[in-house]
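# Structural description and commentary
So the chains spell out like this:
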Amino acid sequence: MTIVLPILLPMGMGALSLLLWKRPLAQRVLAVVSCAALVGVNAWLLMDVQQVGVRVVQIGNWLAPFGISLVVDVLSALLLLTVAVIALVVTLYGQVGIDEGRVRSGYYPLLHFLLMGVNGALSTGDLFNLYVWFEVLLMASFVLIALGGGRENIEGAVKYVVLNLLASTLFLSGVGLLYNLAGTLNMADLARQLPTLQALNQVTLVAILFLIAFGIKAAAFPLFFWLPASYHTPPVTVTALFSGLLTKVGVYALLRTFTLLFVQDVAFTHTVLLVMAGATMVSGVLGAAAQTDFRRLLSFHIISQIGYPLMGLGLFTQASLAAAIYFLVHVMLAKTALFLVAGMVERLQGTFDLKKLGGLYTRRLDVAVLFLLPALSLAGLPPLSGFFAKLGLVKAGLAQGQGVLVFVSLAVSLMTLYSMTKVWNEAFWKESPAQLMPTRSLSPWLWLPTAALVLLSLWIGLLPGPLFALANQAAELLLHPELYVRAVLGGVP
Amino acid sequence: MNKPRRVLQRSMMLPVATRYLMPLLLLFSVFLLLRGHNEVGGGFIGGLVAASALMLYAIAESPAALRALLPVAPRPLVGAGLLLALLSGLVAVASGKPFMTGLWIKTPLPVLGKLGTPLLFDVGVYFLVIGIVLWILLTLAED
Amino acid sequence: MTLLLAIAAGVLFAAGIYMVLRRSLLKILIGLLLLGYAVNLLLFNSAVLVPGRPPLIPAGQDQPPAVYADPLAQALILTAIVISFGVTAFVVVLFRKAYAVVDSDDLNDMRCTDLPCLDELPGKRSEQ
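Next up on the list: the overall build of chain B. Helix and strand counts for chain B come out as five helices and zero strands. Listed by position from the N terminus, the elements making up chain B come as α-α-α-α-α. Taking 2.2 N^0.38 as the reference for a compact globule, 143 residues should give roughly 15 Å; the C-alpha atoms of chain B span a radius of gyration of 18 Å, well beyond that estimate. Along the longest, intermediate and shortest principal axes, the C-alpha atoms of chain B span 60 × 30 × 25 Å. For chain B, the residues scored as buried account for 34% of the 143 residues in total.

As a further point, take the overall build of chain C. Across its full length, chain C carries three helices and zero strands. Listing each helix as α and each strand as β along chain C from the N terminus yields α-α-α. Counting every position in chain C, which comprises 128 residues, the buried fraction comes to 27%. Counting contacts in chain C only where the partners sit at least 6 residues apart, residues at least 24 apart contribute 51% of the total.

Here the focus is the interface of chain A and chain C. Taken together, the contact between chain A and chain C spans 29 residues of the former and 27 residues of the latter. Sorting the residues of the side of chain A that touches chain C by element identifies helix H6 (127–146), helix H7 (151–182) and helix H10 (226–230) of chain A as the ones contributing at least two each. In terms of residues, the side of chain A that touches chain C owes the most to one element, H7(A), which gives 19 residues. Class assignment for the residues of the side of chain A that touches chain C results in 16 nonpolar, eight polar and five charged.

Here we come to the pairing of strand S2 (residues 69–73) of chain A. Successive side chains on a regular strand alternate, one facing one side of the sheet and the next facing the other. Residues and elements named next belong to chain A. Along S2, five of the five residues are buried, which leaves the element largely enclosed by surrounding structure. The side-chain alternation of S2 yields two buried faces, one formed by Ser69, Val71 and Asp73 and the other by Leu70 and Val72. In terms of strand pairing, strand S1 (residues 54–58) meets S2 through five bridges, oriented antiparallel. Bridge pairing in S2 places Val54 opposite Asp73.

A few words now on the packing of helix H2 (residues 24–52) of chain A against helix H3 (residues 74–97) of chain A. Residue and element names in this part refer to chain A. Where H2 meets H3, the closest approach of the two axes is 8 Å, and the angle between their N-to-C directions is 160 degrees. As summarised for this structure, H2 and H3 are arranged roughly antiparallel, according to the angle between their axes. Remark: the crossing between H2 and H3 carries left-handed chirality. A breakdown of the residues in the contact of H2 with H3 according to their chemical character gives 20 nonpolar, four polar and one charged.

With respect to the element layout, A:Pro109 can be found in helix H5 (residues 107–123). In this structure A:Pro109 touches A:Gly14, A:Ser17 and A:Leu18, once residues within four positions along its chain are discounted.

So, on to the interface of chain A and chain B. Contacts between chain A and chain B engage 15 residues on the former and 15 residues on the latter. At the level of secondary structure, the elements contributing two or more residues to the side of chain A that touches chain B comprise helix H1 (5–19) and S1 of chain A. Its residues assigned to classes, the side of chain A that touches chain B comprises 11 nonpolar, four polar and no charged.

Glancing now at the packing of H1(A) against H2(A). Residues and elements named next belong to chain A. With their axes 10 Å apart at the nearest point, H1 and H2 run at an angle of 175 degrees to one another. With respect to their mutual orientation, H1 and H2 come out roughly antiparallel. On the side of H1, the interface is formed by Leu5, Pro6, Leu9, Pro10, Met13, Leu16 and Ser17, while H2 contributes Gln27, Leu30, Ser34, Ala37, Leu38, Val41 and Asn42. Tallied by class, the residues present in the contact of H1 with H2 amount to 10 nonpolar, four polar and no charged.

A few words now on H3(A). Across its 24 residues, H3(A) extends 33 Å between first and last C-alpha, which sits within 8% of the 34 Å expected from 1.5 Å per residue. In terms of residue burial, H3(A) counts as a mostly covered element, since 22 of its 24 residues are buried.

All names here are of chain A. At the junction of Phe221 and Pro222, the peptide bond is cis and its omega measures out at -5 degrees in the coordinates. Along the chain, the position of Pro222 falls in the loop between helix H9 (200–218) and H10. Note the cis peptide between Pro382 and Pro383, where omega equals 5 degrees. One can find Pro383 in the loop between helix H16 (365–379) and helix H17 (385–399). One non-glycine residue, Asn61, lies in the positive phi region at around 60 degrees. Here Asn61 lies in the loop between S1 and S2. Its identity as a non-glycine residue notwithstanding, Ala219 has a phi of 60 degrees, on the positive side.

Let us look at helix H14 (residues 318–349) of chain A. Residues and elements named next belong to chain A. Taking 1.5 Å per residue as the helical rise, H14 with its 32 residues ought to reach 46 Å, and the 46 Å between its terminal C-alpha atoms agrees with that figure. Burial runs high along H14: 28 of the 32 residues are buried. Where H14 terminates, the next one or two residues include Gly350, which has phi positive at roughly 80 degrees.

The subject of this paragraph is the nonpolar core. Core analysis: the biggest nonpolar cluster contains 272 residues, and A:Leu78, A:Leu137, A:Ile325, A:Tyr326, A:Val341, A:Val345 and A:Ala474 have the highest contact counts within it. Looking at this core element by element, the count peaks at 22 residues for H14(A).

The subject of this paragraph is the confidence of the model for chain C. Residues and elements named next belong to chain C. Scored by pLDDT, chain C has a mean of 84; 88% of the residues are at 70 or more. Within chain C, no element has a lower average pLDDT than helix H3 (residues 71–102), which sits at 90, and none a higher one than helix H1 (residues 2–20), at 95. Segment residues 118–128: pLDDT under 50, and seven contacts once partners within four positions in sequence are set aside and those in other chains are kept. Complex prediction metrics read pTM 0.93 and ipTM 0.89.

Another aspect to go through is the environment of C:Pro64. All names here are of chain C. Among the secondary structure elements, Pro64 is positioned in the loop between helix H2 (25–46) and H3. The class for Pro64 is partly exposed, based on 13 C-beta atoms found within 10 Å. The sequence separation of Pro64 and Pro54 amounts to 10 residues, and the corresponding C-alpha distance is 9.3 Å. If we skip the residues at most four places from it in the chain, Pro64 touches Pro55, Leu56 and Ile57.

Rules used throughout
- Residues numbered from 1 in each chain as written.
- Chains lettered and ligands numbered in written order.
- Predicted model: local features only at pLDDT ≥ 70, side-chain atom pairs only at ≥ 80, totals over all residues.
- Helix = DSSP H or I, 4+ residues; strand = E, 2+ residues; numbered from the N terminus.
- Rg over C-alpha atoms; globule rule 2.2 N^0.38 Å.
- Buried ≥ 20, exposed ≤ 12 C-beta atoms within 10 Å, placed from the backbone.
- Contact = placed C-beta atoms within 7 Å.
- Nonpolar A, V, L, I, M, F, W, Y, C, P; charged D, E, K, R; others polar.
- Pairing = 2+ DSSP bridges.
- Axes fitted to C-alpha atoms, helices over the stretch in contact; angles between N-to-C directions.
- Parallel < 35°, antiparallel > 145°, perpendicular 65-115°, else oblique.
- Left-handed = near helix turned anticlockwise from the far one by under 90°.
- Expected span 1.5 Å × (residues − 1).
- Core = buried A, V, L, I, M, F, W, Y, C linked by C-beta atoms within 7 Å.
- pLDDT = per-residue confidence, 0-100.

This is the structure in structure tokens:
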């Protein structure tokens, strides 16, 4: 039952929010309560799964592989908890960050349905069901991006929608071809069937289809163009939520399918992943270097950071997978915090344009510190969380003899540092431009959640032990799919 | 795109036909809903038929007339349908079975047939579909 | 029959991709629809076609006949159709709104997200 709750809770709350359509205040309160409950449920789930390894529920009591199984292993549970924490922080921030008009046009029901989709995608054990959850979260995100209806919103939404629908089409084609090959869509059953098939080429072809589809959703090279075109158009609260959740679900799907299903031709598929990882890091960070808009710069960094977990997946050892999972949690927290800070800066000075910003260091030291910590963490400076994540990846890369990629990843870290220094110089350090609007006051609704998130990010950096242990356990499960298969299929022959 | 539309003479054919068609179609939609579990039909298709019956009224009269006719607005209908579907799954949990396990009342009733949580789920879907389709189409029609 | 369906799906894919690559929003919409149909046909074809043998257990027996049609693929298509129904409704509204806001359905006129919008003048078309 517990593992259905992360889906049911947002679903019920979304339905309730629809019933409370005309009462924005009730919706706001409901959202906070619901997200707090979600954090509790998912934390409990993580503790439970940590003991057992894998938890399974057969929906409707239809036995796997005939029914739909919900499967939560350590990786899923860890990401579920991170998602819930981000959702709670963003919802608190959104009490001020989301304007009344957006609430009146359905922001909160959409938020709940987005969370339902994300949680569903993280906990399903069936490929077609994964497609359905992806569509649920995409539909919610489509509308969230287009809400507001300004020219930028609409144009961003057009690009976002078309490319993501193409990705869904490819994903569904892959599902169809896989069904034709193996006659099942249950992931555990597929993991058992695929090695016995005498059809290596077809399976690899399907793997590449999935790689392209999830690559678009994760914004990996060369399929990331929708992200910088759309992520800076909605209010920063929505962007923070998207940056924490959406692309990361794509990465999760890659992690799941390329450890459980497509492991027959590792020499080919995972090499492709490595190349993609390197190119993603470089192209993202180079794109960011050219930006002078706070949000657009951060959007390009989302792309760049996607490369690191892909690198961990491509290396395909326990150490590299553990580092990738640790990195994923780190980047979800740090990136969301950075976007929230960008929103605070905009509140203070009325613009996202780095050229027009300035002088925040002397006026708002607190905001400057809130920016600096996740920014340096993103760049990978010790003793922050990004350092340990990248250290793990570098060590794993060197152990696998991937010197070039390690060099690329380190160079990209330096570039990230350059980018963050640029923001620091422009927005915080330099003298404020003369024509600047007077610094406005800042609501504690913005300040406190962001500070909490930064503290959390600091905590997993200063005390990386517990999280690394969890990531290690998750990686071990990923490398031993037979445990997953046995948990789902049980005694089914 | 904001050119004034030409005012057409309203035809009597559609309103008169709708007066008979709409109740029939609504009845048919309930028929589809109830026979759904084992035969062709179900909540989704029943909801679509019901929604198209209502939209027929909106086309024949006006979207505003349909809004006046509906006892509940489309949006709460979506929420209520979703909650109903959710509850139907939770009944099984309350009796210790996995989520959404179908539970049935043993003795079939006349007209309704066998009752069970899948029927409750279908009823939820029925209202959900009516709500969503009307929401989309009325928004488009009133724009 | 399988071959025929495969060819049909392929033609639909080709047509869909061609339409998606156009600049007009309306044609992109048609392209997305065609791609959706193509995938549905692909799914339909992914289960081996067995005409005339429904997956039903005959009265008085407790096992289905040895060869029967696979109902799962059709359930998948049904779900995919429902999803594409919802998505299409949204895309139509979005594109209509885009046409109203930008006053053009040409993607070349939708550059505000990547370049600073220098000319906010409605109706101003880019030089070809």
